[in-house]
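What the coordinates show
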Amino acid sequence: MTTQTRSISQDVTNQMRDTTVMIKRNLLRIIRLPQLLFFSSVQPIIFLLLFTFVFGGAITRGTDISYIDFLLPGVLVQTAVFGSTQTAIGLTEDLAAGVIDRFRSLPMARSAVLAGRTTADLVRNAAVTVIMLTVGTIIGYRIGGTVIEAALGVVIALLFGFSVSWAMASLGLWVKNAETAQTASFVLIFPLVFASSIFVPPASMPSWLQGFAANQPVSVVASTVRALMGGLPIGSRILESAMWIAAILAVFFPLGVYLYRRAVST
Amino acid sequence: MEEASIVADSIVRSFGDVTALDGVSLSVETGTIYGLLGPNGAGKTTLIRVLTTLLKPDSGAGFVAGIDVVAQPNLARRSLGLAGQTAAVDEFLTGRENLEMVGNLYHLPSKEVKQRASEVLERIDLDDAGDRPVSTYSGGMRRRLDLAASLVGRPEVLFLDEPTTGLDPRSRLEMWGLINELVEEGATVMLTTQYLDEADRLADLIGVIDHGRLISEGTASDLKAKLGGDIIDVAVSADDRDLAGAVLTGIAGKEAAWDDVSFTFTIPATNGAATLTEVVRGLDQAGVVPDDLALHRPSLDDVFLSLTGRTAEDKVTEAGESASTKPQRGRSK
Ligand SMILES: Nc1ncnc2c1ncn2[C@@H]1O[C@H](COP(=O)(O)OP(=O)(O)O)[C@@H](O)[C@H]1O
Ligand SMILES: [Mg+2]
């Protein structure tokens, strides 16, 4: 009984240690590839500026808030989702370099490699989000409700990105090749990001698209974040977003770990 | 009963139509080096992957340090170290950070991790470069670091998949020295190689693998003995081919083997140096001046040829080893 308790607590300690080691490794990778970090921060800023100044005037919103106030919360969600493709690409690179083979031959926790990668990508996303909020404030963005509500909105955007990272981890381990992972992830992500409520209200879309555009997860989360950051009526949106995040994790956490356990470089 | 640190028992593993391992059984005594020798695609990496818990076999069993790798992979991982076919080190970390990471993942006591990393860096002569990012390392340094990473957890059994492929001759010699030292400290090593001289130089026991089957096993001398005694090679110009062939066939008492690429006849030196004298005298009388004439012990190349009907070089280009200059081997140990 005592031995068993001790070995379980030992397992938990080891699992936490393995995960911490892997988070640290992946953060170092992010910090030491400064160009990647730079461009992955610049890309969403470009989106923000383009949509605000190039399309902003032409886009009929059918909303009462200013376009930047409408757009920015959605772009935070977009950034988190786009950022998750890095999870897939990074894993395929580790696989090709034989690093995953080494990790799998070590007596380490099975989930640690993926948890380390997805968590590091979450931290990177959080940093990019801070930059985005700064740039947004400079070009006129203002939160509409309380700081606490706005902060909750940002956390929901980041957690959604984290859950999508797990889906991308599964994709990367499945396709095993960096270019394929990049292409495949964008094929999956583009419709979700653009046929959504991020840039324009779904009501402006053709009717056959409205049902999808209004109810798919990216839209649900974007509307939630927008409502929280804008101090708008929220309804049951927080719960809906939380359910999407939980559902994605419930599928892709076990699937990712399963694929990891069988992954060998070719 | 002798102690075996690595046991493979009828391991079968296929990928779709390809049978990568077709019933491989072998056993490696504790504290020895086993060399798995075979051309590209023979199944070497697949066997290493099964034994290091990365792949499950379709059937058969594997044991490392007495632990069943299929039934108790996690336990087995504590006793094994793997240096795979590519140097699996992180480019953006320093050498030291790489080793400390692996030490942590082996769950060494936290206090020991730093000390062990320094120890191992010194061991592989990378203590000066230890704090530089791996992206600045040469190929040889990366390979050494990769080997070092497999040592950090002090595993009893080491698996090295083609540890010297792609290395320049000097780095290769350094790697050989390092592997030999490890075994002196009590480790058991299984290494794979496409280099015949490497297996000869390092391994206590050599297994020749081809198309997923172990086609022969023995010490380097055992394998050579399969070919009988020494061999005489006589290289001649095209004009002299028929004349020389007649002379050599007469001496050998059977048709002399001809190699079209190197323009060389090969006959067994049935009476050693006396046969060589006979050859020289016979060629002289026939008016043939050979381009090259050599008496040597059969090389592992010759063994491979006789076992598989083709040379290993059909499939791989071997660094520094060509048909015309066959170094005298088997004396290094
Ligand atoms: N993951 C894999 N998927 C499909 N085929 C594979 C895989 N790994 C190895 N093979 C095939 O199995 C055979 C043996 O490969 P391998 O063990 O890598 O040989 P070696 O290491 O001796 O060069 C080859 O024909 C190879 O193409
Ligand atoms: Mg191989």
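About the criteria used
- Residues numbered from 1 in each chain as written.
- Chains lettered and ligands numbered in written order.
- Predicted model: local features only at pLDDT ≥ 70, side-chain atom pairs only at ≥ 80, totals over all residues.
- Heavy atoms only, no water.
- Donors = N, O, S within 2.8 Å, 3.2 Å for Na, K, Ca; no water.
- Helix = DSSP H or I, 4+ residues; strand = E, 2+ residues; numbered from the N terminus.
- Buried < 20%, exposed > 50% of the residue type's maximum accessible area, 1.4 Å probe, protein only.
- Salt bridge = Lys/Arg side-chain N within 4 Å of Asp/Glu carboxyl O.
- Pairing = 2+ DSSP bridges.
- Axes fitted to C-alpha atoms, helices over the stretch in contact; angles between N-to-C directions.
- Contact = heavy atoms within 4.5 Å.
- Lys, Arg positive; Asp, Glu negative; His and termini not counted.
- Polar contact = N/O pair within 3.5 Å; in protein donor to acceptor, adjacent residues only side chain to side chain.
- Near = heavy atom within 4 Å.
- Areas by Shrake-Rupley, 256 points an atom, 1.4 Å probe, with all protein chains shown as cover.
- Nonpolar A, V, L, I, M, F, W, Y, C, P; charged D, E, K, R; others polar.
- Parallel < 35°, antiparallel > 145°, perpendicular 65-115°, else oblique.
- Left-handed = near helix turned anticlockwise from the far one by under 90°.
- Domains from an automatic or database assignment.
- Core = buried A, V, L, I, M, F, W, Y, C linked by side-chain atoms within 4.5 Å.

The next thing to look at is the coordination of the magnesium ion (ligand 2). All names here are of chain B. Protein coordination at the magnesium ion (ligand 2) comes from Thr45 (OG1) and Gln85 (OE1), with a distance range of 2.0 to 2.5 Å. Of this pair, Thr45 sits in helix α1 (residues 44-51) while Gln85 sits in the loop between β6 (80-83) and α3 (95-105), placing them 40 residues apart in sequence. For Gln85, a relative accessible area of 34% corresponds to the partly exposed category.

Applying the stated criterion to the full structure yields 22 salt bridges over all chains. Close ionic contact of Glu162(B) with Lys44(B) constitutes a salt bridge, the shortest N to O distance being 3.8 Å. Separated by 118 residues along the polypeptide, Glu162(B) in the loop between β7 (157-161) and α6 (169-184) and Lys44(B) in helix α1 bring together distant segments of the chain. On the accessibility criterion, Glu162(B) (3% relative accessible area) is buried. Overall, Lys44(B) belongs to the buried group, its relative accessible area being 3%. With a closest N to O distance of 3.8 Å, Glu198(B) and Arg172(B) form a salt bridge. Taken together, the residues span a long stretch of sequence, with Glu198(B) in helix α7 (residues 196-202) and Arg172(B) in helix α6 at a distance of 26 residues. Residue Glu198(B) shares its accessibility class with Arg172(B), and that shared class is buried. Sharing partners across several salt bridges, the network here consists of Arg25(A), Asp94(A), Arg117(A) and Asp90(B).

The next point concerns the sheet that holds strand β9 (residues 205-210) of chain B. All names here are of chain B. The strand order across the open sheet formed by 6 strands is β6-β7-β8-β3-β9-β10, and the pairing between neighbours is mixed. Every interior strand has two partners, whereas the edge strands, β6 and β10 (213-218), have only one. Ignoring strand direction, the axes of neighbouring strands in this sheet form an average angle of 15 degrees. Pairing of strand β3 (residues 33-37) with strand β8 (residues 188-193) involves 5 bridges; the strand directions are parallel. When the bridges of β8 are listed, Ile33 appears paired with Val189. Along the sheet, α1 makes contact with β3, β6, β7, β8 and β9, crossing β8 at roughly 155 degrees. The strands touched by helix α5 (residues 139-151) are β6 and β7; relative to β6, the strand with the most contacts, the crossing angle is about 165 degrees.

Glancing now at the pairing of β9(B). All names here are of chain B. Among the 6 residues in β9, 5 count as buried, and that is most of the element. Here β9 runs beside β10; their pairing, made up of 5 bridges, is antiparallel. Along β10, the bridge assignment pairs Gly207 with Glu217. The antiparallel pairing of β9 with β10 creates a hairpin that spans 2 residues between the two strands, and His211 there sits at a positive phi of about 50 degrees.

The subject of this paragraph is the side chain of Arg17(A). Topologically, Arg17(A) is positioned in helix α1 (residues 2-32). Asp18(A) is the oppositely charged side chain nearest to the buried, salt-bridge-free Arg17(A), at an N-O distance of 5.9 Å. A polar contact is formed between the side chain of Arg17(A) and the side chain of Asn104(B), at a distance of 2.7 Å. Not counting the four nearest positions on each side in its chain, Arg17(A) is found in contact with Gly103(B), Asn104(B), His107(B), Leu108(B), Pro109(B), Ser110(B) and Val113(B).

So, about the site of ligand 1. All names here are of chain B. What surrounds ligand 1 is the set Phe15, Val18, Ala20, Pro39, Asn40, Gly41, Ala42, Gly43, Lys44, Thr45 and Thr46. Here an oxygen atom of ligand 1 sits 3.1 Å away from a polar atom, N or O, in the main chain of Ala42. Here an oxygen atom of ligand 1 and a backbone polar atom of Lys44 are 2.8 Å apart. Relative to its unbound accessible area of 560 Å², ligand 1 is 70% covered by the protein chains. Among the elements of the structure, β2 (18-29) and α1 are those that each provide at least two residues to the shell around ligand 1. Here the element with the most residues in the shell around ligand 1 is α1; it accounts for 3 residues. In the shell around ligand 1, the residues fall into 5 nonpolar, 5 polar and 1 charged.

A separate point is the packing of α3(B) against α5(B). The relative placement of two packed helices is expressed as an angle between their axes plus a distance between the axes. Residue and element names in this part refer to chain B. The interhelical angle for the contact between α3 and α5, taken along N-to-C directions, is 25 degrees, at an axis separation of 9 Å. It follows from the interaxial angle that α3 and α5 lie roughly parallel. Regarding α3 and α5, the two cross each other, and that crossing is right-handed. For the pair α3 and α5, the contacting residues are Gly95, Asn98, Leu99 and Val102 in the first and Leu145, Ala148 and Ala149 in the second.

Parsing chain B into structural domains produces domain 1 (4-223) and domain 2 (228-297). For domain 1 of chain B versus domain 2 of chain B, the separation of C-alpha centres amounts to 42 Å.

Before going further, it helps to examine the nonpolar core. Considering soluble globular proteins, one finds that nonpolar side chains tend to be buried as a cluster. By size, the foremost hydrophobic cluster in this structure holds 72 residues, and its most contacted members are Phe103(A), Leu99(B) and Ile206(B). Not counting the four nearest positions on each side in its chain, Phe103(A) is found in contact with Met22(A), Arg25(A), Met108(A), Val113(A), Tyr260(A), Met101(B) and Leu105(B). One finds Phe70(A), Met168(A), Leu171(A) and Ile245(A) within the second-largest nonpolar core, a separate group that totals 41 residues.

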